[in-house]
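Spelled out from the first residue to the last, the chains are:
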Amino acid sequence: LHIHDNCSDSSIAEIHADLLADFGKDRVTIFRNIVNIGACANVLRCFEHCSTHWLAVVADDDEIAPDYVESVLKTIKDHPDIVFANFSSSIFTRPADFVTEGLPDFCMKIDNWSNLLFLPCGLYNRQAMVPSIRYGYHYAYSLSPHIAILLQCLKENGGKCLFSAKPVVNYVSDPDLVSWSRLNLNLMAFLLELIPDKMSRLAFFDRMRPFFMNRKTLAFQLIHRACETGEDTGYIFDIRAFCCAGARPGIRDLVVTPFLRFLVAHPRLGLKFIRMFGNQSKNNDTSTELLKGL
């Protein structure tokens, strides 16, 4: 058991000295960061410091099921050839188990993005993912580095993923805690850069879309830096203006999603359209003021 203490006010070793003594100090390794490095970096250190074949990460505020450990061990025994397992939770409980093979199949069959993102629902074949850990650091800003590692692993080496119906954790929302910013969560859209083929990328986007779909802060970065072309992405600002301010809420439902899917599938054509829109908006005083307000 590894415990990563992200420079908490009082060290875990001091707070839980009695509990750790009962559990056995030789069975626990505590890593205490000298500064608070943020949640994502701390998660990545779990991948980095893990010395076993399998890795499961649970935060101190996650409410795991009484049979959590038994469920994880049974999954490892029953599916030794998988690279990843996603369990059910109070967020989403799937009706039955299913297995995917390779990256395209994984993208097509994701049944709930929130559950995939929820860290304690995941079980990782850490040995298979070691070469891809650096991509977690590359995409740490996305607030989903564990997904970046998984996508890169599947892209480079393929592999099976289990989506399990077994519930193992409850999502606990504490109103006294600061919640994640929806705007920052939209940075997850940059994970699209890791998916090379268009059909898989569109499928992945469609699975993420409901998670972001409060429209006003939707993932306008979905042009994903025009990663396929290397062209300038300064017109993301105009994408935001077009998608949000330029359409009433009722129209957004009909227009925004197809438009963003088009950008994901065809970034080069999307950029040409946005540039044309941007040039027109600069000649319109009302539009210019509107852009400034976004």
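Residues numbered from 1 in each chain as written. Predicted model: local features only at pLDDT ≥ 70, side-chain atom pairs only at ≥ 80, totals over all residues. Heavy atoms only, no water.

Quick look at the overall build of the protein chain
A tally of helices and strands in the protein chain yields 15 helices and eight strands. Of all 294 residues assigned to the protein chain, the portion counted as buried reaches 45%. Long-range pairs, those at least 24 residues apart, make up 76% of the contacts in the protein chain with a sequence separation of at least 6. Only carbon and sulfur atoms are counted for the fraction: they give 55% of the accessible area of the protein chain, which is about 14900 Å². (Helix = DSSP H or I, 4+ residues; strand = E, 2+ residues; numbered from the N terminus. Buried < 20%, exposed > 50% of the residue type's maximum accessible area, 1.4 Å probe, protein only. Contact = heavy atoms within 4.5 Å. Areas by Shrake-Rupley, 256 points an atom, 1.4 Å probe, with all protein chains shown as cover.)

Notes on the pattern of salt bridges
Using the criterion set out here, one finds five salt bridges in the structure. The salt bridge partner of aspartate 78 is lysine 74, with a shortest N-O separation of 2.6 Å. A residue pair is termed a helical-turn pair when its members lie 3 or 4 positions apart in one helix, as aspartate 78 and lysine 74 do in helix 4 (residues 68-78) at four residues. When its relative accessible area of 52% is taken as the criterion, lysine 74 is described as exposed. The closest approach of N and O atoms between aspartate 111 and arginine 94, which form a salt bridge, is 2.7 Å. (Salt bridge = Lys/Arg side-chain N within 4 Å of Asp/Glu carboxyl O.)

Let's talk about the nonpolar core
Note on soluble globular proteins: their nonpolar side chains tend to be buried together. Counting residues in each nonpolar core, the largest one holds 40 residues, and the members touching the most others are Phe84, Phe106, Trp113, Leu191 and Phe204. Taken together, the elements giving at least two residues each to this core come down to helix 3 (39-49), strand 5 (82-89), helix 5 (102-109), helix 6 (113-117), helix 8 (133-138), helix 9 (145-157), strand 8 (160-170) and helix 11 (198-212). In terms of residue count, the dominant contributor to this core is helix 9 (seven residues). Other than its neighbours up to four places away in sequence, phenylalanine 84 contacts Phe106, Leu116, Gly122, Leu123, Tyr124, Met129, Leu150, Lys160, Cys161 and Leu162. Within the second largest apolar cluster, 12 residues are counted, among which are Ile82, Ala85, Cys121 and Val169. (Core = buried A, V, L, I, M, F, W, Y, C linked by side-chain atoms within 4.5 Å.)

Focus: the packing of aromatic side chains
If you walk through the whole model with that rule in mind, you get seven aromatic pairs. Taken together, a centroid distance of 4.8 Å and an interplanar angle of 5° make the contact between phenylalanine 98 and phenylalanine 163 stacked. Of this pair, phenylalanine 98 sits in strand 6 (residues 98-101) while phenylalanine 163 sits in strand 8, placing them 65 residues apart in sequence. On the basis of an interplanar angle of 35° and a centroid distance of 5.8 Å, the ring pair of phenylalanine 106 and phenylalanine 163 is categorised as tilted. On the criterion of sequence distance, the pair formed by phenylalanine 106 in helix 5 and phenylalanine 163 in strand 8 is long-range, its members being 57 residues apart. Like phenylalanine 106, the residue phenylalanine 163 is buried in the burial classification. Counting every residue linked through ring pairs, the aromatic cluster contains Phe47, Phe84 and Tyr124. (Phe/Tyr/Trp six-rings, centres within 6.5 Å; stacked < 30°, edge-to-face > 60°.)

A few points about the state of the cysteines
On inspection of all chains with the given rule, the structure shows zero disulfides. No disulfide involves cysteine 107; its nearest neighbouring cysteine sulfur is the one of cysteine 161, lying 9.7 Å away. (Disulfide = S-S within 2.5 Å.)

Points about the packing of helix 3 against helix 9
Helix 9 packs onto helix 3 with a crossing angle of 45° between their chain directions and a minimal axis gap of 9 Å. Classed by the angle they form, the pair helix 3 and helix 9 counts as oblique. Residues Cys40, Leu44 and Phe47 of helix 3 pack against Pro145, His146 and Ile149 of helix 9. For the contact of helix 3 with helix 9, the class distribution of residues is five nonpolar, one polar and no charged. (Axes fitted to C-alpha atoms, helices over the stretch in contact; angles between N-to-C directions. Parallel < 35°, antiparallel > 145°, perpendicular 65-115°, else oblique. Nonpolar A, V, L, I, M, F, W, Y, C, P; charged D, E, K, R; others polar.)

Coordinates in, geometry out; function isn't part of it.
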